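Residue-level structure breakdown
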Amino acid sequence: MIDENPDLVKIVQEVIEFVGTFAFAISGIRHAAARHFDWFGGFVCGIVVAIGGGTIRDVMLGETPFWMTSALYLVCTALAQVFVITFAHSLKRLDNAWFVFDTLGLALFTIAGMQKTLACGHPFWVAVIMGCITGSAGGVIRDILLNKVPVIFHKEIYAMASVAGGVLYWVMLHMHVNVGIAAVITFLVICLIRYFAVRYHISLPLLRSEEK
(Lines give C-alpha, C1' and ligand atoms only; values in the text may rest on other atoms or scores of the structure.)
Protein backbone atom coordinates (compact mmCIF):
# COMPACT_ATOMS: atom_id res chain seq x y z
CA MET A 1 0.00 0.00 0.00
CA ILE A 2 1.35 3.40 -1.00
CA ASP A 3 1.34 5.91 1.85
CA GLU A 4 -1.02 8.80 1.11
CA ASN A 5 -3.27 11.18 2.98
CA PRO A 6 -6.42 9.02 3.41
CA ASP A 7 -8.74 12.04 3.51
CA LEU A 8 -7.32 13.40 0.25
CA VAL A 9 -7.58 10.01 -1.43
CA LYS A 10 -11.21 9.68 -0.27
CA ILE A 11 -12.14 13.13 -1.58
CA VAL A 12 -10.44 12.53 -4.94
CA GLN A 13 -12.08 9.11 -5.24
CA GLU A 14 -15.58 10.46 -4.51
CA VAL A 15 -15.20 13.28 -7.03
CA ILE A 16 -13.89 10.87 -9.67
CA GLU A 17 -16.71 8.38 -9.07
CA PHE A 18 -19.38 11.08 -9.35
CA VAL A 19 -17.99 12.65 -12.53
CA GLY A 20 -17.29 9.20 -13.97
CA THR A 21 -20.85 8.10 -13.20
CA PHE A 22 -22.24 11.11 -15.06
CA ALA A 23 -19.97 10.58 -18.07
CA PHE A 24 -20.62 6.84 -18.30
CA ALA A 25 -24.36 7.28 -17.80
CA ILE A 26 -24.49 9.71 -20.73
CA SER A 27 -22.56 7.22 -22.84
CA GLY A 28 -24.97 4.39 -22.02
CA ILE A 29 -28.08 6.52 -22.58
CA ARG A 30 -26.72 7.72 -25.92
CA HIS A 31 -26.24 4.13 -27.07
CA ALA A 32 -29.78 3.30 -25.94
CA ALA A 33 -31.13 6.31 -27.83
CA ALA A 34 -29.38 5.09 -30.99
CA ARG A 35 -31.36 1.84 -30.63
CA HIS A 36 -34.61 3.81 -30.03
CA PHE A 37 -35.11 2.59 -26.46
CA ASP A 38 -37.73 4.33 -24.33
CA TRP A 39 -36.84 6.48 -21.31
CA PHE A 40 -36.79 3.53 -18.92
CA GLY A 41 -34.57 1.51 -21.24
CA GLY A 42 -32.25 4.47 -21.54
CA PHE A 43 -32.01 4.80 -17.77
CA VAL A 44 -31.26 1.07 -17.40
CA CYS A 45 -28.46 1.27 -19.97
CA GLY A 46 -27.11 4.39 -18.31
CA ILE A 47 -27.08 2.94 -14.80
CA VAL A 48 -25.58 -0.36 -16.02
CA VAL A 49 -22.63 1.44 -17.57
CA ALA A 50 -22.28 3.79 -14.60
CA ILE A 51 -22.31 1.23 -11.78
CA GLY A 52 -21.67 -2.13 -13.46
CA GLY A 53 -17.90 -2.16 -13.29
CA GLY A 54 -17.74 -0.66 -9.81
CA THR A 55 -20.28 -3.18 -8.52
CA ILE A 56 -18.26 -6.13 -9.82
CA ARG A 57 -15.11 -4.59 -8.30
CA ASP A 58 -16.68 -4.07 -4.89
CA VAL A 59 -18.17 -7.56 -4.76
CA MET A 60 -14.78 -9.06 -5.62
CA LEU A 61 -13.14 -6.91 -2.95
CA GLY A 62 -15.72 -7.94 -0.35
CA GLU A 63 -17.02 -4.38 -0.04
CA THR A 64 -20.55 -2.99 -0.11
CA PRO A 65 -21.17 -1.78 -3.69
CA PHE A 66 -20.52 1.95 -3.75
CA TRP A 67 -23.93 2.94 -5.11
CA MET A 68 -25.71 1.15 -2.24
CA THR A 69 -24.27 3.57 0.30
CA SER A 70 -25.67 6.69 -1.34
CA ALA A 71 -28.54 7.52 -3.69
CA LEU A 72 -26.30 10.15 -5.28
CA TYR A 73 -25.28 7.84 -8.11
CA LEU A 74 -28.87 7.06 -9.09
CA VAL A 75 -29.64 10.78 -9.00
CA CYS A 76 -26.54 11.41 -11.11
CA THR A 77 -27.76 8.93 -13.72
CA ALA A 78 -31.20 10.55 -13.72
CA LEU A 79 -29.55 13.95 -14.30
CA ALA A 80 -27.55 12.44 -17.16
CA GLN A 81 -30.79 11.23 -18.74
CA VAL A 82 -32.36 14.68 -18.39
CA PHE A 83 -29.23 16.14 -19.98
CA VAL A 84 -29.38 13.76 -22.96
CA ILE A 85 -33.13 14.33 -23.46
CA THR A 86 -32.79 18.10 -23.19
CA PHE A 87 -29.81 18.43 -25.50
CA ALA A 88 -30.63 15.53 -27.82
CA HIS A 89 -30.42 17.60 -30.99
CA SER A 90 -27.13 19.21 -29.97
CA LEU A 91 -25.60 15.85 -29.09
CA LYS A 92 -26.84 14.37 -32.36
CA ARG A 93 -24.74 16.91 -34.26
CA LEU A 94 -21.70 15.77 -32.30
CA ASP A 95 -20.97 12.42 -33.93
CA ASN A 96 -18.18 11.68 -31.47
CA ALA A 97 -20.10 12.70 -28.33
CA TRP A 98 -20.49 9.07 -27.23
CA PHE A 99 -16.76 8.53 -27.67
CA VAL A 100 -15.91 11.54 -25.52
CA PHE A 101 -18.15 10.55 -22.61
CA ASP A 102 -17.16 6.89 -22.84
CA THR A 103 -13.46 7.81 -22.75
CA LEU A 104 -13.94 10.16 -19.82
CA GLY A 105 -15.76 7.44 -17.91
CA LEU A 106 -13.09 4.86 -18.70
CA ALA A 107 -10.28 7.10 -17.47
CA LEU A 108 -12.07 8.28 -14.34
CA PHE A 109 -13.31 4.85 -13.27
CA THR A 110 -9.92 3.23 -13.89
CA ILE A 111 -8.42 5.64 -11.36
CA ALA A 112 -11.28 5.12 -8.90
CA GLY A 113 -10.87 1.34 -9.14
CA MET A 114 -7.14 1.59 -8.57
CA GLN A 115 -7.56 3.85 -5.55
CA LYS A 116 -10.17 1.69 -3.84
CA THR A 117 -8.25 -1.54 -4.40
CA LEU A 118 -4.99 -0.08 -3.09
CA ALA A 119 -6.88 1.35 -0.09
CA CYS A 120 -8.05 -2.20 0.68
CA GLY A 121 -4.41 -3.29 0.88
CA HIS A 122 -4.21 -5.38 -2.28
CA PRO A 123 -1.03 -5.57 -4.42
CA PHE A 124 -0.65 -3.34 -7.46
CA TRP A 125 -1.38 -6.05 -10.02
CA VAL A 126 -4.77 -6.69 -8.41
CA ALA A 127 -5.38 -2.93 -8.42
CA VAL A 128 -4.59 -2.75 -12.15
CA ILE A 129 -7.07 -5.55 -12.89
CA MET A 130 -9.73 -3.96 -10.69
CA GLY A 131 -9.14 -0.61 -12.36
CA CYS A 132 -9.70 -2.23 -15.74
CA ILE A 133 -12.85 -4.00 -14.54
CA THR A 134 -14.20 -0.79 -13.03
CA GLY A 135 -13.58 1.11 -16.24
CA SER A 136 -14.72 -1.39 -18.85
CA ALA A 137 -17.09 -4.02 -17.38
CA GLY A 138 -20.08 -1.69 -17.42
CA GLY A 139 -19.62 -1.17 -21.15
CA VAL A 140 -19.51 -4.93 -21.69
CA ILE A 141 -22.85 -5.37 -19.88
CA ARG A 142 -24.30 -2.45 -21.88
CA ASP A 143 -23.27 -3.99 -25.20
CA ILE A 144 -24.76 -7.35 -24.20
CA LEU A 145 -28.07 -5.61 -23.36
CA LEU A 146 -27.92 -3.91 -26.77
CA ASN A 147 -27.18 -7.26 -28.45
CA LYS A 148 -23.78 -6.09 -29.66
CA VAL A 149 -20.31 -7.63 -29.49
CA PRO A 150 -18.59 -5.80 -26.59
CA VAL A 151 -16.39 -3.07 -28.03
CA ILE A 152 -13.41 -4.09 -25.89
CA PHE A 153 -13.13 -7.40 -27.76
CA HIS A 154 -12.89 -6.25 -31.35
CA LYS A 155 -12.29 -2.54 -31.88
CA GLU A 156 -9.60 0.03 -31.13
CA ILE A 157 -7.56 -0.29 -27.95
CA TYR A 158 -9.91 0.20 -24.98
CA ALA A 159 -9.28 -2.06 -22.01
CA MET A 160 -5.53 -1.97 -22.64
CA ALA A 161 -5.65 1.83 -22.29
CA SER A 162 -7.08 1.24 -18.82
CA VAL A 163 -4.34 -1.28 -17.99
CA ALA A 164 -1.59 1.08 -19.20
CA GLY A 165 -3.08 3.92 -17.18
CA GLY A 166 -3.35 1.73 -14.10
CA VAL A 167 0.30 0.71 -14.28
CA LEU A 168 1.34 4.34 -14.74
CA TYR A 169 -0.79 5.42 -11.77
CA TRP A 170 0.82 2.84 -9.48
CA VAL A 171 4.34 3.75 -10.66
CA MET A 172 3.71 7.42 -9.86
CA LEU A 173 2.34 6.60 -6.42
CA HIS A 174 5.34 4.34 -5.83
CA MET A 175 7.52 7.35 -6.67
CA HIS A 176 5.55 9.35 -4.06
CA VAL A 177 3.87 11.63 -6.60
CA ASN A 178 0.91 13.49 -5.06
CA VAL A 179 -2.27 11.45 -5.55
CA GLY A 180 -4.09 14.35 -7.20
CA ILE A 181 -1.29 14.93 -9.71
CA ALA A 182 -1.02 11.19 -10.37
CA ALA A 183 -4.76 11.03 -11.01
CA VAL A 184 -4.67 13.94 -13.47
CA ILE A 185 -1.69 12.53 -15.40
CA THR A 186 -3.25 9.06 -15.54
CA PHE A 187 -6.53 10.55 -16.74
CA LEU A 188 -4.79 12.43 -19.55
CA VAL A 189 -2.72 9.42 -20.62
CA ILE A 190 -5.75 7.11 -20.86
CA CYS A 191 -7.68 9.73 -22.85
CA LEU A 192 -4.73 10.24 -25.21
CA ILE A 193 -4.28 6.50 -25.76
CA ARG A 194 -7.98 6.20 -26.64
CA TYR A 195 -7.84 9.24 -28.92
CA PHE A 196 -4.85 8.03 -30.90
CA ALA A 197 -6.22 4.47 -31.04
CA VAL A 198 -9.48 5.70 -32.58
CA ARG A 199 -7.86 8.41 -34.71
CA TYR A 200 -5.39 6.02 -36.31
CA HIS A 201 -7.44 2.80 -35.97
CA ILE A 202 -4.88 1.14 -33.70
CA SER A 203 -5.97 -2.22 -32.34
CA LEU A 204 -4.47 -5.42 -31.03
CA PRO A 205 -3.78 -8.26 -33.53
CA LEU A 206 -6.82 -10.39 -34.28
CA LEU A 207 -6.98 -14.10 -33.56
CA ARG A 208 -7.12 -16.18 -36.72
CA SER A 209 -9.50 -19.10 -36.93
CA GLU A 210 -8.45 -22.50 -38.22
CA GLU A 211 -11.02 -22.32 -41.00
CA LYS A 212 -9.70 -21.81 -44.51
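None of the values given here were measured: they were computed from a predicted structure.

Conventions used here
Residues numbered from 1 in each chain as written. Predicted model: local features only at pLDDT ≥ 70, side-chain atom pairs only at ≥ 80, totals over all residues. Heavy atoms only, no water. Helix = DSSP H or I, 4+ residues; strand = E, 2+ residues; numbered from the N terminus. Expected span 1.5 Å × (residues − 1). Polar contact = N/O pair within 3.5 Å; in protein donor to acceptor, adjacent residues only side chain to side chain. Axes fitted to C-alpha atoms, helices over the stretch in contact; angles between N-to-C directions. Parallel < 35°, antiparallel > 145°, perpendicular 65-115°, else oblique. Left-handed = near helix turned anticlockwise from the far one by under 90°. Contact = heavy atoms within 4.5 Å. Nonpolar A, V, L, I, M, F, W, Y, C, P; charged D, E, K, R; others polar. Salt bridge = Lys/Arg side-chain N within 4 Å of Asp/Glu carboxyl O. Buried < 20%, exposed > 50% of the residue type's maximum accessible area, 1.4 Å probe, protein only. Phe/Tyr/Trp six-rings, centres within 6.5 Å; stacked < 30°, edge-to-face > 60°. Lys NZ or Arg CZ within 6 Å of the ring centre and 35° of its normal. UniProt positions renumbered as here; feature names shortened; annotations may be inferred. Core = buried A, V, L, I, M, F, W, Y, C linked by side-chain atoms within 4.5 Å.

We now examine helix 8 (residues 179-199). Relative to the 30 Å expected for 21 residues at 1.5 Å per residue, helix 8 spans 30 Å between its end C-alpha atoms, a close match to the ideal helical length. Where helix 8 starts, the residue carrying a side-chain oxygen 2.8 Å from the main-chain nitrogen of Gly-180 turns out to be Asn-178. Remark: His-201 follows helix 8 within two positions and exhibits a positive phi of approximately 55°.

Turning to the packing of helix 7 (residues 159-174) against helix 8, a few remarks are in order. For the pair helix 7 and helix 8, interaxial distance at closest approach is 9 Å and the crossing angle is 155°. Judged by the inter-axis angle, helix 7 sits roughly antiparallel to helix 8. Where helix 7 crosses over helix 8, the two elements pack in a sense that is right-handed. Touching Ala-161, Ser-162, Ala-164, Gly-165, Leu-168, Tyr-169, Met-172 and Leu-173 of helix 7 are Val-179, Ala-182, Ala-183, Ile-185, Thr-186, Val-189, Ile-190, Ile-193 and Arg-194, all from helix 8. Split into classes, the residues belonging to the contact of helix 7 with helix 8 amount to 13 nonpolar, three polar and one charged.

What follows is about the pattern of salt bridges. Counting across every chain of the model gives four salt bridges. The residue Arg-57 makes a salt bridge to Asp-58 at a minimum N-O spacing of 2.8 Å. Each member of the pair, Arg-57 together with Asp-58, is buried. Between Arg-142 and Asp-102 there is a salt bridge, with its nearest N and O atoms 3.6 Å apart. In this pair, Arg-142 sits in helix 6 (residues 124-145) while Asp-102 sits in helix 5 (residues 97-119), placing the two residues 40 residues apart along the sequence. Like Arg-142, the residue Asp-102 is buried in the burial classification. Because the salt bridges share partners, they merge into one network encompassing Arg-57, Asp-58 and Lys-116.

Another aspect to go through is the packing of aromatic side chains. Enumeration according to the criterion identifies seven aromatic pairs in this entry. Taking 5.1 Å as the distance between ring centres and 50° as the angle between the ring planes, the aromatic pair formed by Phe-83 and Phe-87 counts as tilted. Judged by relative accessible area, Phe-87 falls into the partly exposed class, the value being 40%. Positioned over the ring face of Tyr-200 is Arg-199, at 5.1 Å from the centre of the ring.

This part covers the environment of Ala-159. Its location among the elements puts Ala-159 in helix 7. We classify Ala-159 as buried; its relative accessible area is 15%. Each C-alpha atom, one on Ala-159 and one on Val-100, is 16 Å from the other, the two residues being 59 residues apart in sequence. Residue contacts for Ala-159: discarding those within four places in its chain leaves Cys-132 and Ile-152.

This part is about the UniProt feature "domain: Glycine transporter" (unreviewed entry) in the protein chain. According to UniProt, the "domain: Glycine transporter" (unreviewed entry) feature falls on residues 15-88 and 100-172. Helix makes up 80% of residues 15-88 and strand makes up 0%, while its end C-alpha atoms are separated by 26 Å.

What follows concerns the nonpolar core. Formed by 15 residues in total, the largest nonpolar core has its most connected members in Ile-16, Met-114, Leu-118, Tyr-169, Leu-173 and Ala-183. Listed by contribution, the elements that provide at least two residues to this core are helix 1 (6-34), helix 5, helix 6, helix 7 and helix 8. Ranked by the residues each element gives to this core, the list is headed by helix 5, at five residues. Counting 13 residues, the second largest nonpolar core, distinct from the first, contains Ile-29, Val-48, Phe-66 and Ala-80.

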